[in-house]
Amino acid sequence: MRVLLMDPERDFDPGAEPPAHSADLLQDLEVETLLAAMAAGDRFLWDVARAALVLSPENGTATVLHRQDVLKDGLANPAIVRELYGFATQTIERERRLSWAFNSRQASTVLYGAVETLQVLSQALRRLRGLAEQHGHAFSSRGFATLFQTLQRELDDPYVAELDAHLERLRFRSGVLVGAALGDGNQGTDYMLLRTTEAGPTWLQRLLGSAPRGLTFAISERDEAGARALSDLRDRGLNLVANAAAQSAEHLLGFFKLLRAELAFYVGCLNLHDALSRLGAPRSFPVPEPPESRTLKFAELYDVALALTTGRRPVGNTLEAAGANLAVITGANQGGKSTFLRSMGLAQLMMQAGMFVGAEAFGGALTTGLFTHYRREEDATMQQGKLDEELARMGAIAERIRPDAMILFSESFASTNDREGSEIARQVVTALLARRVRVFMVTHLFEFAQRLAARAGGETLFLRAERLADGTRTFRIVPGAPLETSYAEDVFREVFSGADGSPA
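None of these values were measured; they are calculated from a predicted model.

1. A short note on the packing of helix H13 (residues 386-400) against helix H14 (residues 418-434)
Turning to step 1, where the next piece is worked out: Contact geometry for H13 and H14: axes closest at 13 Å, N-to-C directions at 5°. Relative to H14, H13 is oriented roughly parallel. Listed contacts from H14 to Leu-387, Leu-391 and Met-394 of H13 are Glu-420, Ile-424, Val-428 and Leu-432.
Turning to step 2, where the next piece is worked out: Taken together, the residues of the contact of H13 with H14 break down into six nonpolar, no polar and one charged.

2. As for the sheet that holds strand E3 (residues 287-289)
Whether parallel or antiparallel, the strands of a sheet pair through hydrogen bonds between backbone atoms.
Turning to step 1, where the next piece is worked out: Taken together, the four strands give an open sheet; going across it, the order is E3-E7-E4-E5, and neighbouring strands pair in mixed fashion. Edge positions in the sheet fall to E3 and strand E5 (317-320), since each of these pairs with one other strand and no more. The sheet shows a mean angle of 20° between the axes of neighbouring strands, direction not considered.
Turning to step 2, where the next piece is worked out: Sitting on the sheet, helix H12 (residues 337-352) touches E3, strand E4 (296-301), E5 and strand E7 (361-365), and the angle it makes with E4 is about 115°.

3. Re H13
Turning to step 1, where the next piece is worked out: Here H13 contains 15 residues, and its C-alpha end-to-end distance of 22 Å stays within 8% of the 21 Å for a straight helix at 1.5 Å per residue.
Turning to step 2, where the next piece is worked out: Its buried side turned inward, H13 meets helix H1 (22-28), strand E8 (370-374), strand E9 (406-410) and H14.

4. Structural notes on the sheet that holds strand E11 (residues 460-467)
Turning to step 1, where the next piece is worked out: Spatial ordering of the open sheet is given by E8-E9-E10-E6-E11-E12, a layout of six strands whose pairing is mixed. Looking at which strands have only one partner, the edges of the open sheet turn out to be E8 and strand E12 (473-479). Adjacent strand axes in the sheet meet at a mean angle of 15°, parallel and antiparallel pairs treated alike.
Turning to step 2, where the next piece is worked out: One ladder, built from four bridges, connects strand E6 (residues 326-331) with strand E10 (residues 438-442); its direction is parallel.

5. Examining the pairing of E12
Turning to step 1, where the next piece is worked out: Where E11 meets E12, four bridges bridge the pair, whose relative direction is antiparallel. When the sheet's bridge partners are listed, Ala-465 is paired in E12 with Ile-477.

6. With respect to the pattern of salt bridges
Turning to step 1, where the next piece is worked out: Using the criterion set out here, one finds 21 salt bridges in the structure.
Turning to step 2, where the next piece is worked out: Residue Asp-303 is joined to Arg-342 by a salt bridge in which the shortest nitrogen-to-oxygen separation is 2.6 Å. With Asp-303 in the loop between E4 and helix H11 (304-310) and Arg-342 in helix H12, this pair connects stretches of sequence that are 39 residues apart.
Turning to step 3, where the next piece is worked out: The salt bridge involving Arg-313 is made with Glu-360; its shortest N-O contact spans 3.5 Å. Separated by 47 residues along the polypeptide, Arg-313 in the loop between H11 and E5 and Glu-360 in the loop between H12 and E7 bring together distant segments of the chain.
Turning to step 4, where the next piece is worked out: Overlapping salt bridges, with partners in common, bring together Glu-300, Arg-313, Glu-360 and Arg-476 in one network.

7. Quick word on the packing of aromatic side chains
Turning to step 1, where the next piece is worked out: Within this structure, the stated rule accounts for nine aromatic pairs.
Turning to step 2, where the next piece is worked out: A centroid spacing of 6.2 Å and a plane angle of 50° characterise the contact between Phe-298 and Phe-340, whose relative ring orientation is tilted. Placement of the pair is Phe-298 in strand E4 and Phe-340 in helix H12, with a sequence separation of 42 residues.
Turning to step 3, where the next piece is worked out: Overall, Phe-340 belongs to the buried group, its relative accessible area being 3%.
Turning to step 4, where the next piece is worked out: Judged by centre distance (5.9 Å) and plane angle (10°), the ring pair of Phe-298 and Phe-362 falls under stacked. Of the two residues, Phe-298 is situated in strand E4 and Phe-362 in strand E7; the sequence distance between them amounts to 64 residues.
Turning to step 5, where the next piece is worked out: Here the guanidinium or amino end of Arg-67 rests over the ring plane of Phe-265, the centre of that ring lying 5.7 Å away.
Turning to step 6, where the next piece is worked out: Residue placement shows Arg-260 over the ring face of Phe-44; its charged tip is 3.8 Å from the ring centre.

8. Things to note about helix H4 (residues 61-76)
Turning to step 1, where the next piece is worked out: Over its 16 residues, H4 runs 23 Å from end to end, which matches the ideal 22 Å to within 8%, given 1.5 Å per residue.
Turning to step 2, where the next piece is worked out: Along H4, the residues classified as buried are Thr-63, Val-64, His-66, Arg-67, Gln-68, Val-70, Leu-71, Asp-73 and Gly-74.

9. A closer look at the packing of helix H2 (residues 31-39) against helix H3 (residues 43-54)
Turning to step 1, where the next piece is worked out: H3 packs onto H2 with a crossing angle of 135° between their chain directions and a minimal axis gap of 8 Å. When the interaxial angle is binned, H2 and H3 end up oblique. Two packed elements cross with a definite hand, and for H2 against H3 that hand is right-handed. Taken together, the residues of H3 that come into contact with H2 (itself represented by Val-31, Glu-32, Leu-34, Leu-35, Ala-36, Met-38 and Ala-39) are Leu-45, Trp-46, Ala-49, Arg-50 and Leu-53.

10. Details of the environment of Leu-306
Turning to step 1, where the next piece is worked out: Tracing the chain through its elements places Leu-306 in helix H11.
Turning to step 2, where the next piece is worked out: Leu-306 gets classed as partly exposed once you look at its relative accessible area, which sits at 28%.
Turning to step 3, where the next piece is worked out: As for Leu-306 and Thr-339, which are separated by 33 residues in sequence, their C-alpha atoms are 8.0 Å apart.
Turning to step 4, where the next piece is worked out: Not counting residues up to four positions away in its chain, the partners in contact with Leu-306 are Gly-311, Pro-314 and Thr-339.

The rules behind these values
- Residues numbered from 1 in each chain as written.
- Predicted model: local features only at pLDDT ≥ 70, side-chain atom pairs only at ≥ 80, totals over all residues.
- Heavy atoms only, no water.
- Axes fitted to C-alpha atoms, helices over the stretch in contact; angles between N-to-C directions.
- Helix = DSSP H or I, 4+ residues; strand = E, 2+ residues; numbered from the N terminus.
- Parallel < 35°, antiparallel > 145°, perpendicular 65-115°, else oblique.
- Contact = heavy atoms within 4.5 Å.
- Nonpolar A, V, L, I, M, F, W, Y, C, P; charged D, E, K, R; others polar.
- Pairing = 2+ DSSP bridges.
- Expected span 1.5 Å × (residues − 1).
- Salt bridge = Lys/Arg side-chain N within 4 Å of Asp/Glu carboxyl O.
- Phe/Tyr/Trp six-rings, centres within 6.5 Å; stacked < 30°, edge-to-face > 60°.
- Buried < 20%, exposed > 50% of the residue type's maximum accessible area, 1.4 Å probe, protein only.
- Lys NZ or Arg CZ within 6 Å of the ring centre and 35° of its normal.
- Left-handed = near helix turned anticlockwise from the far one by under 90°.

Laid out in structure tokens, this is it:
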């Protein structure tokens, strides 16, 4: 059986190799703050949410919309989704207590462990079918509807009865009948388990010693070697059956593990939704568009990580920038530029993962990859200078980035003088645009921004951190051409002046 809650065509693999740049992405966008809210102390939820987010640029429109529909079902029925996740987790934990048997070299021990595991899973399948019958009518998404219909169709009463009969037979309460051929030197070979239709002796016959007997032999209670030899013969006969039973147990267990992993993502989304709801922060399901559309429009978009860190709703931004391949964000220091860029990156990640985003409304083009290139602190080991380090990271990105990807720059190439940094930025951005990569760049490189403004066309968008006439920062980003000043003197006065504005 397949789960297909995360994708309409394939199973979700939380253990897939993450992209090489995912560590930078998680650090620069402060994704771990998001993950902590999604996990709510559950490490498994953390791992699944992390995998879903860093692998999200691989998702197409069909997958994104599929997950959105499943998540909407989850938001409408949170208690049921949590119950299903908890039940899958409990089933796996119960099986884990029997896993020792699968590491044994004795076929009889492996068979015992497999039968006990299948018994646990059989009971769990019954319970799962019951949940599907009880709650299936409350779900309308393709993902949940398909899962519940599959459980009810494939786990019907005849199937469960047949499974129980097989498990009872595999306990071999009446012993085993093993066949073998004689090989070289009359050594036994080709051992196999034979099926017998004869019922074993009743408990009364065994008690009275009147059980029917054929050609038999008995092992002395003190004959340890004989007992080991007989046990070895039994294991040879049971070997194929034990392996088949163990594989069946692994197959059913794999279903529960997959169910747990796919439900974990949605439980994480429910946790995040609850956390943002408590802050009064808006959430909305974005409208994904094809990568080539270059769509970008949103209302009251805010930084989800900042909201979770401060415990309050941050200032939001509203923008419509259809067709823009390059956005250059300049303006006042401490005016909200980096926060705005992070809100963009988080919204893109969350949209591609099939989640809601932190905004009243959001629509955007999907990407083939999301990359970040943020300013780093000085290398404490002095292995390389800051500019060398920035160029090395940019080189690694250039080797992996593809057309229709998105990259976010935050004060990149500012570790040298304005003229040299502007030239490096110009060449890098020009090359990326030629590869149809969408670029969003927060920069203080005035020469770079000024050159772009002089040649700007419809594909370039200039944004600026808003500053009122009295120096107040609104922390909103508005359309505006780059200015030669970042108003650093405002920050200086705030830090080094007294309350009355006089020198401290």
